[in-house]
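Summary of the model geometry
Given next are the chains, with one letter for each unit.
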Amino acid sequence: MKVAKKVKFLVEPKAGISKKQPKKETKTKTVSKPTEKPKDGKEIAKKPKQKPVVATKNVKPPKKGSKKSHKEDLEGLKQIDPEFYEFLKTNDKKLLDFNLMDSDDDDEDEDEKEAVAPKDADSDSADDEENEEKYHKPSDDLAVASDESDFEEEGEGDDEAAAAGGTQKVTLNLLRQWEQQLGQANVSIDIVRKVIQAFNSALASISADGADGGENQPNAAAFKVVGAASFNGVIQLCVLHLQPAIIRVLGVRPNSSLPLHKHKKWVKVRGCLRYYLTDLIRLVEQVSSANILGVLLKHLHQMAGMVAPFTTLGKTILKRLIVLWATGDETVRVLAFLCILKITRNQQGTMLNHVLKAMYLAYVRNSKFVSPNTLPGINFMRRSLVEMFALDLNVSYQHAFLYIRQLAIHLRNAVILKKKDSFQAVYNWQFINSLRLWADLLGASTNKPQLQPLVYPLVTIATGVIRLIPTAQYFPLRFHCLQTLISLSKETQTYVPVLPLIVEVLRSNTFNRKHSAVSMKPLQFTCVLRLNKGQLAENGFRDEVIEQVCALLLEYLAHESASLAFSDLVVPAVMAIKAYLKECRNSNYTRKLKQLLDKIQESSKFIEQQRSKSTVTFDLKDAQAVAAWEQQLRTKRTPLDIYYASWLKTHETKKRRQAAQTDDINSDYAVPKLKRPAAKTGVPVRNENGELELFPSDSEDDEGGPHIPMDDDDDDESELEQPKPKKVKVAKSEKKTIEKAAIPEPTEAEAAVDDYDEAGAAVDIVKDLDLDDW
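These remarks concern the structure in this document. Computed from a predicted structure; not experimentally measured. Along every chain, residues carry numbers that run from 1 in the direction the sequence is written. With pLDDT at 70 or above as the cut-off, local features in this predicted model cover only qualifying residues; side-chain atom pairs require 80 or more to be listed or tallied, and sums for whole chains, interfaces and linings still use all residues. Side-chain measures here rest on the full set of heavy atoms in the structure, leaving out hydrogens and waters.

**Here's the deal with the overall build of the protein**
Heads up, the condition is: Numbering of helices and strands runs from the N terminus, with a helix taken as a DSSP run of H or I at least four residues long and a strand as a DSSP run of E at least two residues long. Think of it in three bands: residues with accessible area under 20% of the maximum for their type are buried, residues over 50% are exposed, and the middle band is partly exposed, with areas taken using a 1.4 Å probe on protein chains only. Residues count as neighbours in contact if any of their non-hydrogen atoms are within 4.5 Å of one another. In these tables, accessible area is a Shrake-Rupley quantity obtained with a 1.4 Å probe, and a residue counts as shielded only by the protein chains included in the view.
The number of helices and strands found in the protein is 35 helices and 2 strands. Taken across its 774 residues, the protein has 37% of its residues classed as buried. Taking all contacts inside the protein whose residues are at least 6 apart in sequence as the whole, residues at least 24 apart take part in 71%. Only carbon and sulfur atoms are counted for the fraction: they give 52% of the accessible area of the protein, which is about 47,800 Å².

**Description of a nonpolar patch on the surface**
This is how the line gets drawn: Within the patch definition used here, like charges are joined within 9 Å and nonpolar side chains (Val, Leu, Ile, Met, Phe, Trp, Tyr) within 5 Å, considering only residues with over 30% relative accessible area and no salt bridge. Throughout this description, the term salt bridge denotes a Lys or Arg side-chain nitrogen within 4 Å of a carboxyl oxygen of Asp or Glu.
Among the surface-exposed residues, Val-415, Ile-416 and Leu-417 lie close enough to one another that they form a single nonpolar patch of about 290 Å² accessible area. Tracing the backbone through its elements, the reader meets Leu-417 in helix H19 (residues 393-417).

**Topic: the packing of helix H16 (residues 330-346) against helix H18 (residues 375-389)**
Note the following rule: Inter-axis angles, ranging from 0 to 180 degrees, are taken between N-to-C directions of lines fitted to C-alpha atoms, where helices are fitted over the stretch in contact. Here roughly perpendicular refers to angles of 65 to 115 degrees, roughly parallel to angles under 35, roughly antiparallel to angles over 145, and oblique to all remaining angles. The nonpolar class holds Ala, Val, Leu, Ile, Met, Phe, Trp, Tyr, Cys and Pro. Asp, Glu, Lys and Arg form the charged class, and all remaining residues, Gly among them, are polar.
In contact at an axis separation of 12 Å, H16 and H18 are set at 10° when each is read in the N-to-C sense. When the interaxial angle is binned, H16 and H18 end up roughly parallel. For the pair formed by H16 and H18, the contact residues are Arg-333, Val-334, Phe-337, Ile-340, Leu-341 and Thr-344 on the first element and Gly-377, Phe-380, Met-381, Ser-384, Glu-387 and Met-388 on the second. Broken down by class, the residue content of the contact of H16 with H18 amounts to 7 nonpolar, 3 polar and 2 charged.

**Comments concerning the pattern of salt bridges**
Throughout the structure, instances matching the rule amount to 10 salt bridges. A salt bridge links Arg-467 to Glu-504, with the nearest nitrogen and oxygen atoms 3.0 Å apart. With Arg-467 in helix H22 (residues 455-468) and Glu-504 in the loop between helix H24 (499-503) and helix H25 (509-512), this pair connects stretches of sequence that are 37 residues apart. Looking at Glu-504, the relative accessible area reads 25%, which means it is partly exposed. For the salt bridge of Asp-641 with Arg-637, the shortest nitrogen-to-oxygen distance reads 3.1 Å. A network of salt bridges, in which partner residues are shared, links Arg-467, Arg-478 and Glu-504.

**Topic: the packing of helix H10 (residues 189-206) against helix H12 (residues 228-250)**
Under the convention used in this document: Put simply, a crossing is left-handed when the front helix is turned counterclockwise from the back one by less than a right angle, and right-handed when it is turned clockwise.
Running from N to C, H10 and H12 cross one another at 150°; their axes reach a closest spacing of 10 Å. As judged from the angle between their axes, H10 and H12 are roughly antiparallel. For the crossing formed where H10 meets H12, the hand is left-handed. Facing H10, whose interface residues are Ile-189, Val-192, Val-195, Ile-196, Ala-198, Phe-199, Ala-202, Leu-203, Ser-205 and Ile-206, H12 presents Phe-231, Val-234, Ile-235, Leu-237, Cys-238, Leu-242, Ile-246 and Val-249. Here the residues of the contact of H10 with H12 sort into 17 nonpolar, 1 polar and no charged.

**Comments concerning unusual backbone geometry**
One non-glycine residue, Lys-418, lies in positive phi territory at about 55°. Mapping Lys-418 onto the fold places it in the loop between H19 and helix H20 (420-424). The exposed category is assigned to Lys-418, whose relative accessible area is 62%. Unusually for a residue other than glycine, Arg-637 sits at a positive phi of about 75°. Take Arg-637: it is sitting in the loop between helix H31 (623-636) and helix H32 (639-660). Overall, Arg-637 belongs to the partly exposed group, its relative accessible area being 35%.

**Focus: helix H27 (residues 539-560)**
What counts, and what does not: To estimate how far a helix should reach, multiply one less than its number of residues by 1.5 Å.
Helix length check: H27 (22 residues) gives 32 Å between terminal C-alpha atoms against 32 Å at 1.5 Å per residue, within 8%. Burial within H27 is extensive, with 19 of its 22 residues counted as buried.

**A short note on the packing of aromatic side chains**
The cut-off we apply is this: Side-chain rings of Phe, Tyr and Trp (the six-membered ring for Trp) are treated as a pair once their centres are within 6.5 Å; stacked means planes under 30 degrees apart, edge-to-face means over 60, and tilted covers the remaining angles.
In this structure the tally under the stated criterion is 15 aromatic pairs. Where Trp-266 meets Phe-310, the ring centres are 6.2 Å apart and the plane angle is 35°; that geometry is what we call tilted. Taken together, the residues span a long stretch of sequence, with Trp-266 in helix H13 (residues 266-286) and Phe-310 in the loop between helix H14 (290-302) and helix H15 (311-327) at a distance of 44 residues. Per residue, the accessibility class of Trp-266 equals that of Phe-310, and both read buried. For the ring pair Tyr-360 and Trp-438, a centre distance of 5.3 Å and an interplane angle of 35° mean the geometry is tilted. Of the two residues, Tyr-360 sits in helix H17 (residues 348-365) while Trp-438 sits in helix H21 (residues 429-444), which places them 78 residues apart along the sequence.

Here's what the structure looks like:
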């Protein structure tokens, strides 16, 4: 019951507030003059002249008391139930105000009229009009919302809305007008601002809350973008025509080297351009399609010269671009890197440190797992990051010194603590990829002295990583580190003692032990750091180790074959190979190593012959004369160098062939293979109208359709196959037993396949995305 009384008390003042004032007005209806109207501006202007004439001291106190009592009621409501008062204040503030200022004026007018004017019956109509004006009346022009409004004539009512200061709807006709105005020689800055405002409104229409958070809300309120056609038109207009229009507004000359922000008219476009770049990078963050991202990044690359004055905005843009550079698709990665490079070059003094740190951390973070799918992206990040570090070697030295020192600290902890966690901090892909990065950077900056003091620390770290756990289980990691050291030695022209670390593998007990399991396919150490016990027992492990040892020895000795001390350098390696050949019982291993040993000894005799000539009269202390003699010998080409060039050509072809065998990637997971039918004709399939048929029919009813052999096919159906593919298969099966065979001449079926590829390449079926054909 208490609650009910309280609700009744709260409702009664509210009803009293709405009914009290009209009662006051009915008492004074007969007092006002028939010619005066409170809402007439002319009569209100004459009121101050009448005030001195009337003495209203005896009449006003009751009126003021009524207004004070009304305020006291509201204050009492505030004290009795503050929650309900706050609710009224937030949801129905007009109810609390109740036109107090208007009522004061009305009371003053009524007091004056009581003292001056007699009662008149015509004042009733005036007061009725006054009361009607206090309430809202809907206009007669209102219409029911309908989808038919979408098909109304475009541009109708836009001028009226713009003149009234409301939101203007962006239509296709309006976009065409803007496009024509942006293409003019004398572009108005107002058109550029309108286009940028429309771009902001387009983003506001697709955002989560229907707006952009309030930052650019004034721009969004100027225009309204409705529908996919208008949205695409606004984006297309900005991407294709906005940047040239801004260049014409600034008055940039074709061959001008002056930065854009130093032109006189830059102040006019600075504010709107900052809003546009903010919206553009926000759109890049929300887009997931690679094609659309490519178009937007190309546009951002055009606008990169305008980012230089905005330091904070530039950092935001670079942060998003670095994410795309590290995690996007192939095309997106390249475009993001080009944008990063252009923006950083324009403000190298302020942005380079920030960019180098962020890119290195992104590189390490995304190189944690290496697989055939992620390896190309990691290689691209490493090469592009080397290019970024090469912009300023003085700044890069600080970063390189810091991060190489971190690698040394991890290695020192692993050597001292000898715990599993400390070993894992070193033996992982992030550590190895960091070594590769710094080795590539030091090799790329050989001609400049800034980073050369870091060569020795890096070689020491790589050697320490190899010596940390010198077991056969980590032979793949050893080979990765040796490859890094060999490339660093070749690029920097620095001698690195790599030979003992290579031939040491041949003396391993695990490697020389007889295998207990047979692997159907050889192992590949490209994406492997550690081997398990099962892999160590397979013959594929030994095959790959011999391949790696021969490849590393050949690459390193081919580079050193022109050295003056080559004959003395190879003595330990020759002795180790001969000792292994005496104990090895595998004919394949001995054949490869004997061939390599013969080339090494041949090159050693060649160097001795060149040294014994009478032309060699310089002293060994003369470094310049020794370098000139070695350079002359490199020009002549040593036997080992010639052999390495031919071997490298064959090896690269083999690697490309392995990379192209996409069907064998998941062979370990029992993924079924697709049986591809052989091409029957060298002419592309065309339909009755002569048009190229992209997807010919696979049904058995069609005579020209390809036949896919299945296990449950009948004999009659198998006879439909042409005999040419069968001949090719028989020829391949007969040549499997031959290890090295000459390349056979192409058969008719293979020639038909080649002709089909050439004919298919002549017809441009898939057309690349072009901005001009948007």
